[in-house]
Amino acid sequence: MSISSCLADSKKFCCAVSLATLLFCILTARFLTQLTVLKASDRFNINSQLEHLQAKYVGTGHADLTRFEWAVNIQRDSYASYIGHYPMMAYFSIAENESIGRERYNFMQV
């Protein structure tokens, strides 16, 4: 999977993809395409890019972030995105046979 196809997929489903998920997807795609042999300079470059993104965007984590905290951030960002995009709320409300207001309330309670 290349970075461009990962970004194209994320553009198709931009409502459901949070920034942290996109960051993870980009970094995963970059690692998968460069699995051959990583030099020390390559590893330093990737780590510095990750640190730059983490400093630039709030919610992308830091070095001491636990796996649970990262998962909570992903879940919270996803629910916030669902609430903010009306078509996604309509989709969930139809799928669960509930009103849009009830779904919004349920998402805010989680």
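Structural notes, computed from the coordinates. If you're wondering where the values come from, they're calculated on a predicted model, not measured in any experiment. (Residues numbered from 1 in each chain as written. Predicted model: local features only at pLDDT ≥ 70, side-chain atom pairs only at ≥ 80, totals over all residues. Heavy atoms only, no water.)

Summed over the entire model, instances satisfying the criterion amount to six aromatic pairs. Relative to Tyr-82, the ring of Tyr-79 has its centre 6.0 Å away and its plane inclined at 75 degrees; by these criteria the two rings are edge-to-face. In this pair, Tyr-79 and Tyr-82 both sit in helix α4 (residues 67-84), three residues apart, roughly one turn of the helix. Since its relative accessible area comes to 15%, Tyr-82 is described here as buried. (Phe/Tyr/Trp six-rings, centres within 6.5 Å; stacked < 30°, edge-to-face > 60°. Helix = DSSP H or I, 4+ residues; strand = E, 2+ residues; numbered from the N terminus. Buried < 20%, exposed > 50% of the residue type's maximum accessible area, 1.4 Å probe, protein only.)

This paragraph deals with the nonpolar core. Core analysis: the largest hydrophobic core is formed by five residues, namely Tyr-82, Met-88, Met-89, Phe-92 and Phe-107. Ranked by the residues each element gives to this core, the list is headed by helix α5 (residues 86-96), at three residues. Excluding residues that lie within four positions of it along the chain, Met-89 makes contacts with Tyr-82, Ile-83, Ile-100, Glu-103, Arg-104 and Phe-107. (Core = buried A, V, L, I, M, F, W, Y, C linked by side-chain atoms within 4.5 Å. Contact = heavy atoms within 4.5 Å.)

Moving on: the packing of α5 against helix α6 (residues 100-109). For the pair α5 and α6, the least separation of the axes is 9 Å and the interaxial angle reads 100 degrees. When the interaxial angle is binned, α5 and α6 end up roughly perpendicular. Along its contact with α5, which presents Tyr-86, Met-89, Ala-90, Phe-92, Ser-93 and Glu-96, the element α6 presents Ile-100, Glu-103, Arg-104 and Phe-107. Here the contact of α5 with α6 is built from residues that sort into six nonpolar, one polar and three charged. (Axes fitted to C-alpha atoms, helices over the stretch in contact; angles between N-to-C directions. Parallel < 35°, antiparallel > 145°, perpendicular 65-115°, else oblique. Nonpolar A, V, L, I, M, F, W, Y, C, P; charged D, E, K, R; others polar.)

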